[in-house]
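Each chain, written out:
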Number of protein chains: 2
Amino acid sequence: MPKAIPDIVIGRLPIYLRALQHMGMEGRQVTSSQELGERLGISAAQIRKDLSQFGEFGKQGTGYNIEYLSKQLQEILKVDRVWDVAIVGAGDIGKALANYSGFNQRGFRIAMIFDSDPAIVGTQVGGFTIKDSRLIKEELANSHVQVAMIAVPAGQAQAVGTQLVEAGIRAILNYAPVNLTVPPEVHVQHIDPSIHLQRMTYYLA
Amino acid sequence: MPKAIPDIVIGRLPIYLRALQHMGMEGRQVTSSQELGERLGISAAQIRKDLSQFGEFGKQGTGYNIEYLSKQLQEILKVDRVWDVAIVGAGDIGKALANYSGFNQRGFRIAMIFDSDPAIVGTQVGGFTIKDSRLIKEELANSHVQVAMIAVPAGQAQAVGTQLVEAGIRAILNYAPVNLTVPPEVHVQHIDPSIHLQRMTYYLA
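Residues numbered from 1 in each chain as written. Chains lettered and ligands numbered in written order. Predicted model: local features only at pLDDT ≥ 70, side-chain atom pairs only at ≥ 80, totals over all residues. Heavy atoms only, no water.

A. Region of the structure containing the sheet that holds strand 4 (residues 83-88) of chain B. The 6 strands lie next to each other as 8-5-4-9-10-11 (chain B), forming an open sheet whose pairing is parallel. Here the strands that pair on one side only, and so sit at the sheet edges, are strand 8 (131-132) and strand 11 (187-190) of chain B. (Pairing = 2+ DSSP bridges. Helix = DSSP H or I, 4+ residues; strand = E, 2+ residues; numbered from the N terminus.)

Given below as structure tokens:
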């Protein structure tokens, strides 16, 4: 049954979860689809419809218990556990990701970071010793890492992606500004600031 | 008429443009909706349908001229010009953005960078002198900047966003892991690696 839920609905759940966790940190206990909708610029009806695909999380008129709904969404998204993540590329973006403290509360933990530049292999970043990219397969084979982030130049990204897939990675967040081709069982999300900016300039005068 | 085109279609155009520009750099001259579709994991029919909303860009059987279609998409997305961009936040992400050389070919140019930390205001990053965040309004009033990127901690993002909007910014790329509330005429895109990762863990075993 989870298979039948559209990607676009799954894509909104992390946004709901993030808003609920912020409300929780503000000390709030109860919210409503109206309030969530106003915070997120999504209609209350859409939020109710999305959540109803997974069960009954609130009572008509009393709203949602923030802690309970957060836990349910974490379970649905499988971030009620911690996923180890490998980073490939220790340039500016890779370093920023290795240093970023925001992953821990969201279900992720950086486990290792690779680079192909002999000048920085062996040096430290974010508490990790940068490993040689030639060891990706071997290092990942000895781990349970299924999730990776690619932060290498565009020209190297497809080769790195292919290596990661061969090493058992099943989810890739790609910061290189190029589309990755992977087998259908592997999930890829792309982050490219130019793409996001171009989506907005269309609307500017 | 452009108003009637769904956001989701607009959102795919930059992806088509990026793929076409890569093909152009590979020295290619002609492509097809089939080939583009295979590269991007989007159906050829979808690509033809999306493009047909803007005119007739290819002839049945002869495919698309890559340079011509790229130029048309640049015009539609308004990146046939260069947009000045302000960055707020000179931490790891802000610095990576200030140093990133990939914006220039895509229609953007970093114009200035701000931070609120007196210890780094006045220092250099990516060829820019970091300006004091208290001067955002004043500096932007003397410029034609309409596009900004926010790379400050979550707790400061809404205040920065509000300041930017008051200073005339109309498009914001927000790297802070929090939803921004802005007036309806302002466009916001969010980049949050945890959100992107959570969209994929749902599908993992």
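Additional details are given in the paragraphs that follow.
B. View of the pattern of salt bridges. Applying the stated criterion across every chain, the model contains 22 salt bridges over all chains. Glu166 of chain A is the partner of Lys137 of chain A in a salt bridge, and the nearest nitrogen-oxygen pair spans 3.2 Å. Of this pair, Lys137 of chain A sits in helix 6 (residues 136-141) while Glu166 of chain A sits in helix 7 (residues 154-166), placing them 29 residues apart in sequence. For Lys137 of chain A, a relative accessible area of 43% puts it in the partly exposed group. Of the charged contacts in the structure, one is a salt bridge between Glu67 of chain B and Lys71 of chain B, with a shortest N-O distance of 3.5 Å. Taken together, the residues span about one helical turn, with Glu67 of chain B and Lys71 of chain B both in helix 4 (residues 66-76) at a distance of 4 residues. For Glu67 of chain B, a relative accessible area of 53% translates into the label exposed. If you follow the salt bridges from partner to partner, you end up with Arg18 and Arg106 of chain A together with Asp192 of chain B in one network. (Salt bridge = Lys/Arg side-chain N within 4 Å of Asp/Glu carboxyl O. Buried < 20%, exposed > 50% of the residue type's maximum accessible area, 1.4 Å probe, protein only.)

C. Examining the pairing of strand 5 (residues 108-115) of chain A more closely. Residue and element names in this part refer to chain A. Of all 8 residues making up strand 5, 6 are buried, and the element is well covered by its neighbours. When strand 4 (residues 83-88) meets strand 5, the two strands line up parallel, connected through 6 bridges. Among the inter-strand pairings, Trp83 is bridged to a residue of strand 5, identified as Phe108.

D. Structural view of the relation of the copies chain B and chain A. Expressed as a screw transformation, the operator carrying chain B onto chain A has a rotation angle of 180 degrees and an axial translation of 0.0 Å, and the superposed copies differ by an RMSD of 0.0 Å. Here the two chains are linked by the operation of a two-fold rotation axis. Most of the interface of chain B is mirrored in chain A: 100% of its interface residues are interface residues there too. (Least-squares fit on C-alpha atoms with pLDDT ≥ 70 in both. Contact = heavy atoms within 4.5 Å.)

E. Highlighting the packing of aromatic side chains. Tallied over the full model, the rule gives 4 aromatic pairs over all chains. Seen in terms of ring centroids, Tyr202 of chain B and Tyr203 of chain B are 4.9 Å apart; in terms of plane orientation they differ by 90 degrees. Their pairing is edge-to-face. Given a relative accessible area of 29%, Tyr203 of chain B falls into the partly exposed group. Sitting over the face of the ring of Tyr202 of chain B, Lys78 of chain A holds its NZ or CZ atom 5.9 Å from the ring centroid. (Phe/Tyr/Trp six-rings, centres within 6.5 Å; stacked < 30°, edge-to-face > 60°. Lys NZ or Arg CZ within 6 Å of the ring centre and 35° of its normal.)

F. Region of interest: the sheet that holds strand 2 (residues 58-59) of chain A. Residue and element names in this part refer to chain A. Taken in spatial order, the 3 strands of this open sheet run 1-3-2, and their pairing is antiparallel. The sheet is open, and its two borders are formed by strand 1 (30-31) and strand 2, each paired with just one other strand. The pairing of strand 2 with strand 3 (residues 63-65) spans 2 bridges and is antiparallel. Bridging from a neighbouring strand, Gly58 pairs with Tyr64 of strand 3. On top of the sheet, helix 4 (residues 66-76) reaches strand 1 and strand 3; it is set at about 70 degrees to strand 3, its chief contact. (Axes fitted to C-alpha atoms, helices over the stretch in contact; angles between N-to-C directions.)

Take it as geometry only, folks, not as evidence of what the structure does.
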